[in-house]
Amino acid sequence: MSPAKKIFLVACEVSGDLHGAHLISEIRKIAPDTAFLGVGGDKMRAAGMRILSDMTKISALGLGDVLRNYFKYLKIFNETLTNIASEKPDVVIVIDSPAFNLRLAKKIPRQIPILYYISPQLWAWGKRRIHIVKKHIREMLVILPFEKEFYEKEGVAVKFVGHPLLDAIPELPE
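A brief structural summary. Keep in mind it's a predicted model, so treat the numbers as computed, not measured. The numbers attached to residues start from 1 for each chain and follow its sequence in the written order. Whole-chain, interface and lining totals are the exception, using all residues; otherwise, since this is a predicted model, local features are given only for residues with pLDDT of at least 70 and side-chain atom pairs are given and counted only at 80 or more. Note that the side-chain values use all heavy atoms of the structure and ignore hydrogens as well as water.

## Considerations on the packing of aromatic side chains
Then, in step 1: Here is the rule: rings of Phe, Tyr and Trp (six-membered ring for Trp) pair when centre to centre is within 6.5 Å. Planes less than 30 degrees apart are stacked, more than 60 are edge-to-face, and the remainder are tilted. In total, this model carries three aromatic pairs according to the counting rule given.
Then, in step 2: Between Tyr70 and Phe71 the ring centres are 5.2 Å apart and the planes differ by 80°, which places this aromatic pair in the edge-to-face class.
Then, in step 3: With 5.5 Å between their ring centres and 80° between their planes, Phe77 and Phe100 make a pair best called edge-to-face. Of this pair, Phe77 sits in helix α4 (residues 70-87) while Phe100 is found in helix α5 (residues 98-107), placing the two residues 23 residues apart along the sequence. Comparing Phe77 with Phe100, the two get one shared label, buried. Helix and strand definitions follow DSSP, with helices as H or I runs of at least four residues and strands as E runs of at least two, each counted in order from the N terminus. For the exposure calls, accessible area comes from a 1.4 Å probe over protein chains only, and a residue counts as buried if that area is under 20% of its type's maximum, exposed if over 50%, partly exposed in between.

## Considerations on α4
Then, in step 1: One less than the residue count of a helix, multiplied by 1.5 Å, gives the span that helix is expected to have. For α4, with 18 residues, the first-to-last C-alpha span of 25 Å sits near the 26 Å given by 1.5 Å per residue.
Then, in step 2: Where α4 is concerned, the buried positions are Tyr73, Ile76, Phe77, Thr80, Asn83, Ile84 and Glu87. For α4, the angular spread of the buried residues around the axis is 130°, confining them to a single face. For α4, exposure combined with an orientation more than 90 degrees from the buried face picks out Phe71, Lys75 and Thr82.
Then, in step 3: We call two residues in contact when some of their heavy atoms are within 4.5 Å. The elements touched by buried residues of α4 are β1 (6-11), β2 (35-39), β3 (50-53), α3 (63-68), β4 (91-95) and α5. Comment: arc refers to directions from the helix axis out to C-beta atoms.

## Examining the sheet that holds β3
Then, in step 1: Paired strands, as defined in this entry, are two strands with at least two bridges between them according to DSSP. Read from one edge of the open sheet, seven strands run β3-β2-β1-β4-β5-β6-β7, paired in parallel fashion. The open sheet terminates on both sides in strands that have one partner only, identified here as β3 and β7 (158-160). When strand polarity is set aside, the average angle formed by the axes of neighbouring strands in this sheet is 20°.
Then, in step 2: Alignment of β1 against β2, held across five bridges, turns out to be parallel. Lines are fitted to the C-alpha atoms to define the axes, a helix being fitted only along its stretch in contact, and any angle between axes, read from their N-to-C directions, falls within 0 to 180 degrees.

## Side note on the nonpolar core
Then, in step 1: Working definition of a nonpolar core: buried Ala, Val, Leu, Ile, Met, Phe, Trp, Tyr and Cys residues. They are joined through side-chain atoms within 4.5 Å. Core analysis: the largest hydrophobic core is formed by 32 residues, its most contacted members being Val10, Val92, Phe100, Val133, Met140 and Tyr151.
Then, in step 2: Those residues in contact with Val10 that sit more than four places away from it in its chain are Val39, Thr80, Ile93, Val94, Ile95, Phe100, Asn101 and Leu104.

## Focus on the side chain of Glu147
Then, in step 1: Its place among the elements puts Glu147 in helix α8 (residues 145-153).
Then, in step 2: All tallies of charge rest on Lys and Arg as positive and Asp and Glu as negative; His and the ends of each chain are not included. For this document, the term salt bridge refers to a Lys or Arg side-chain nitrogen within 4 Å of an Asp or Glu carboxyl oxygen. At 12 Å, Lys148 is the nearest oppositely charged side chain to Glu147, a buried residue that forms no salt bridge.
Then, in step 3: At a separation of 3.2 Å, a polar atom in the side chain of Glu147 contacts the main-chain amide nitrogen of Ile143. Two N or O atoms form a polar contact when they lie within 3.5 Å of each other; inside protein one atom must be a possible hydrogen donor and the other a possible acceptor, and for residues adjacent in sequence the pair counts only when both atoms belong to side chains.

Now the structure itself:
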């Protein structure tokens, strides 16, 4: 019997917390002994994750809010790196929030694989950060079908996993 896996998740916003909670629930279906820890909020906690930091309580709208909260973000960033180093997870899964998560990915030791769930919208905002993805992200887990083709063309390992909110929408009558 193989030992339980340890997954470190990073969700910086309320939407990422929701998607992270769904992801935890789905992973538990196939690997019930998996341990989850990391950065998240109330929904991920309710799904069984050990929360080491909660960024979902920090509200930032616009550059002014980001600057006012800069030292809070920096503290969580550094704590997250310290926690990854001490916890030695089998994998890190970062969720959305490219401003935080792509910077974080550059600092995580190479021996820890990083998966990116809810892709940065490089296809919309320009490909200037694709080199970071290629160098630091083991695999992109994308929710929109065209994102798979975009990342494949860029030479990035990618898997289309479907949109997490589609399960929440009831089937329409024909």
